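# Per-entry structural report
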Amino acid sequence: MIRHFTASAFVVDSQKRILLLWHKKAQKWMPPGGHIDENELPEDAAKRECKEETGLDVEITGDAQDNLFATNPAEGRILKKPFAFLLETIEARPAHNEPAHEHMDFVYLARPVDEDQVLTLEENEGEELRWFTADEVQAIPDEKIYSNVRGFILNLQKESD
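All values derive from a computational prediction rather than experimental measurement.

## Some words on the sheet that holds strand 2 (residues 18-23)
- Taken together, 3 strands build an open sheet; the order of strands is 3-2-8 and the sheet is antiparallel. With partners counted over all chains shown, the strands left at the sheet margins are strand 3 (28-30) and strand 8 (126-132), one partner each. Put simply, the sheet's adjacent strands are angled 30° from each other on average, direction ignored.
- Sheet topology places strand 2 next to strand 3; 3 bridges connect them, and they run antiparallel. Within strand 3, the position partnered with Trp-22 by the bridge is Trp-29.

Structure below.
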């Protein structure tokens, strides 16, 4: 099976809404994300994909971690920790000349750097872009959203309540 590294970000605003786009190829509501470029860090890929697909500059958020390199920063640095690392099955898309494959997806939480930014849809990737409340996500028909996307959003809502 062909496998690609990808990164995606659930962008949550101050009103606890989640940004999703209607993905042209998948024909489902999804968070922004995509393939990690060669020599790119996963967290940087998630930020880049958010900017490209939505126009938003975002900050990747995550759990605080001990800095294991505090005494010798020349040895390395701590990266942002994804809240999930998924192996996703991508069905073949003959119309796009894509064989079946898998994505190893670093899934991050993010927030807009500035909430006054204007959403700008990348029309090659998506057909629509909007903020959803958890209740609105719950109301999306099953065939229009991946179960893991809905599950993550509903779990995020529980954790923030």
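## Focus: the packing of aromatic side chains
- Tallied over the entire structure, the rule returns 7 aromatic pairs.
- A ring pair is formed by Trp-29 and Phe-132, whose centres lie 4.8 Å apart and whose planes are at 75°; its orientation type is edge-to-face. With Trp-29 in strand 3 and Phe-132 in strand 8, this pair connects stretches of sequence that are 103 residues apart. Judged on exposure class, the residue Trp-29 and its partner Phe-132 are both buried.
- Taken together, the ring pairs connect Phe-5, Phe-85 and Phe-106 into an aromatic cluster.
- The ring of Tyr-146 has Lys-28 sitting right over it, with the charged end atom 5.1 Å from the ring centre.

Rules behind the numbers
Residues numbered from 1 in each chain as written. Predicted model: local features only at pLDDT ≥ 70, side-chain atom pairs only at ≥ 80, totals over all residues. Heavy atoms only, no water. Pairing = 2+ DSSP bridges. Helix = DSSP H or I, 4+ residues; strand = E, 2+ residues; numbered from the N terminus. Axes fitted to C-alpha atoms, helices over the stretch in contact; angles between N-to-C directions. Phe/Tyr/Trp six-rings, centres within 6.5 Å; stacked < 30°, edge-to-face > 60°. Buried < 20%, exposed > 50% of the residue type's maximum accessible area, 1.4 Å probe, protein only. Lys NZ or Arg CZ within 6 Å of the ring centre and 35° of its normal.

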